[in-house]
Amino acid sequence: MHTSIEPTQHNRQSALATRTLVAWMLVALVSHTSWGAYPVLARYLQTVSGLPSMSLLVVGMGCSLGLMLAWRALRRRPLPRFSRFLVVIAVVVAARSITNLLAARYTLAIYVQLITLMTPFVVTLLNRLAFDEPVPPATGRAMVLATLGAVLMLSGSIEQQGVIKPLTRQDWLGLGLAAFSTFTLALYMLIVRQSVAHNLSGEQVFLAQLVTVLAISAPASLLLHEDWTRWLALTTTDWLVFGAFAGLVIFGANVLQITALRRIGATTVSSMLPWRMVVVLVLAAFLLGERLTSIWQLVGAVLVTGTLMWYLWKQR
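Residues numbered from 1 in each chain as written. Predicted model: local features only at pLDDT ≥ 70, side-chain atom pairs only at ≥ 80, totals over all residues. Heavy atoms only, no water.

Chemist: Explain the overall build of the protein to me, please; I cannot follow it from the model alone.
Modeler: Broken down by element type, the protein carries eleven helices and three strands. The order of α-helices and β-strands along the protein, N terminus first, is α-α-α-α-α-α-β-β-α-α-α-α-β-α. A buried classification covers 48% of the 316 residues belonging to the protein. Residue pairs at least 24 apart in sequence account for 89% of intrachain contacts in the protein once pairs closer than 6 positions are excluded. (Helix = DSSP H or I, 4+ residues; strand = E, 2+ residues; numbered from the N terminus. Buried < 20%, exposed > 50% of the residue type's maximum accessible area, 1.4 Å probe, protein only. Contact = heavy atoms within 4.5 Å.)

Here you go:
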């Protein structure tokens, strides 16, 4: 009797664990979908809606800060205590947020996401330089293939609102900002693992990030004499895009990512990173009219996405 019940209970527990894993993987997928939308929404608000960059950060981060404080109040969580290590992390992530937003202003959303997808390789190289950790298998081949794919994507022009748009000096500025943003993201991933020793949660880091970005962007907006009256001229579509940017991306993606990381770990969550390229290609075409114009660019996009999927799968 005992032997017949035990396998049944084991099967039920196994099925429950599988369903739970799938559910949290879907949560992580929603988070990656939101992050994939980030450069598209940020570019739309800055280039189509005409919002000044720093004012967009102030309002967007301010809304997210209000939502974060309300969320923590409902869960009865205290505010994080001051920590020098928390300040360091917050400054790094703030640098990532600001440069990522500016990159989307100066170059196409597809290019910004392309550079962001190189983050795992930058993390690997920094790990090697900073901690002398061995380079994971297949890193060299993956970097060569991903670089080849990136070159193919950058070698052709992209159609924007029906006009073929080659790379300009402004695009190179955006690519440079995206590269620096990717470096700061990789740096964040290296130092955040030390947060366990300092008893810092992902929520505390996110809250500190919001405060830091506000502390930087608000004075910067005043110093740059940005025109805040542009906010009064927004259309219904502009407000919907901003709502998605502030609520679904800045707040939603961060909260979902933090929750998913706690449940299924960084390896499983990061394995879905290539999905962001799919999202940005579809959404950029729909919202910004940005489309690949040659078969070689499409081959490059597939090569970058496929290589990253294979590389992250091997690391598991």
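Structure shown, so let's carry the discussion forward.
Chemist: Hey, could you run me through empty space enclosed by the protein in this one?
Modeler: Empty space among the atoms becomes visible once a probe the size of a water molecule is rolled across them. Summed over all chains, the structure comprises one cavity of 30 Å³ or more. Counted as a void, the largest cavity has a volume near 50 Å³. Contributing to the lining of the largest cavity are W35, Y38, P39, R96, N100, V112, Q113, T116 and R276. For the lining of the largest cavity, the secondary-structure elements that each account for two or more residues are α1 (2-48), α3 (84-106) and α4 (109-116). The residue inventory of the lining of the largest cavity, partitioned by class, reads four nonpolar, three polar and two charged. (1 Å grid on protein atoms, 1.4 Å probe; cavity = no way out; pocket = protein on both sides within 12 Å on 5 of 7 lines; lining within 4 Å. Points joined across faces, edges and corners; volume = space filled by probe spheres on them. Nonpolar A, V, L, I, M, F, W, Y, C, P; charged D, E, K, R; others polar.)

Chemist: What am I meant to see in the nonpolar core here?
Modeler: Soluble globular proteins tend to bury their nonpolar side chains together. Core analysis: the largest hydrophobic core is formed by 69 residues, its most contacted members being L56 and F245. If near-sequence neighbours (up to four positions away) are discounted, F245 is found in contact with Y38, L41, A42, L45, L56, L101 and I250. (Core = buried A, V, L, I, M, F, W, Y, C linked by side-chain atoms within 4.5 Å.)

Chemist: When you look at the packing of aromatic side chains in this model, what are you seeing that I'm missing?
Modeler: The geometry of an aromatic ring pair is captured by two quantities: the separation of the ring centres and the angle between the planes. Overall, the coordinates contain six aromatic pairs when judged by the stated rule. Judged by centre distance (5.5 Å) and plane angle (35°), the ring pair of Y38 and F245 falls under tilted. Residue Y38 is found in helix α1, and its partner F245 is found in helix α9 (residues 236-270); the two are separated by 207 residues along the sequence. Overall, Y38 belongs to the buried group, its relative accessible area being 5%. In this structure F245 comes out as buried when scored by relative accessible area, which is 1%. (Phe/Tyr/Trp six-rings, centres within 6.5 Å; stacked < 30°, edge-to-face > 60°.)

Chemist: Would you take a moment to explain the environment of A138 for this structure?
Modeler: Checked against the element boundaries, A138 lands in the loop between α5 (119-131) and α6 (139-155). Classification of A138 by relative accessible area gives buried; the value is 12%. Between the C-alpha atoms of A138 and K314, which are 176 residues apart in sequence, the distance is 8.1 Å.

Chemist: How do you make sense of the packing of α5 against α6 when you look at a structure like this?
Modeler: The description of two packed helices rests on the angle between their axes and on the distance between the axes. Here α5 crosses α6 at 140°, and the two axes come no closer than 11 Å. Comparing the axis directions of α5 and α6 gives the class oblique. Viewed along their axes, α5 and α6 form a crossing whose handedness is left-handed. Here F121, T124 and L125 of α5 come into contact with α6, specifically with T139, A142, M143 and A146. Along the lines of polarity and charge, the residues of the contact of α5 with α6 split into five nonpolar, two polar and no charged. (Axes fitted to C-alpha atoms, helices over the stretch in contact; angles between N-to-C directions. Parallel < 35°, antiparallel > 145°, perpendicular 65-115°, else oblique. Left-handed = near helix turned anticlockwise from the far one by under 90°.)

Chemist: Explain α5 here, please?
Modeler: In an α-helix there are 3.6 residues to a turn, and that puts residues three or four apart on one side. For α5, which comprises 13 residues, the first-to-last C-alpha distance of 17 Å matches the rise-based estimate of 18 Å (1.5 Å per residue) to within 8%. Two residues or fewer past α5, D132 is found with a positive phi of approximately 55°. (Expected span 1.5 Å × (residues − 1).)

Chemist: Would you explain the side chain of S221 in this entry?
Modeler: Relative to the helices and strands, S221 resides in helix α8 (residues 202-223). For S221, the contacting residues outside a window of four places in its chain are M54, S55, E226 and W228.

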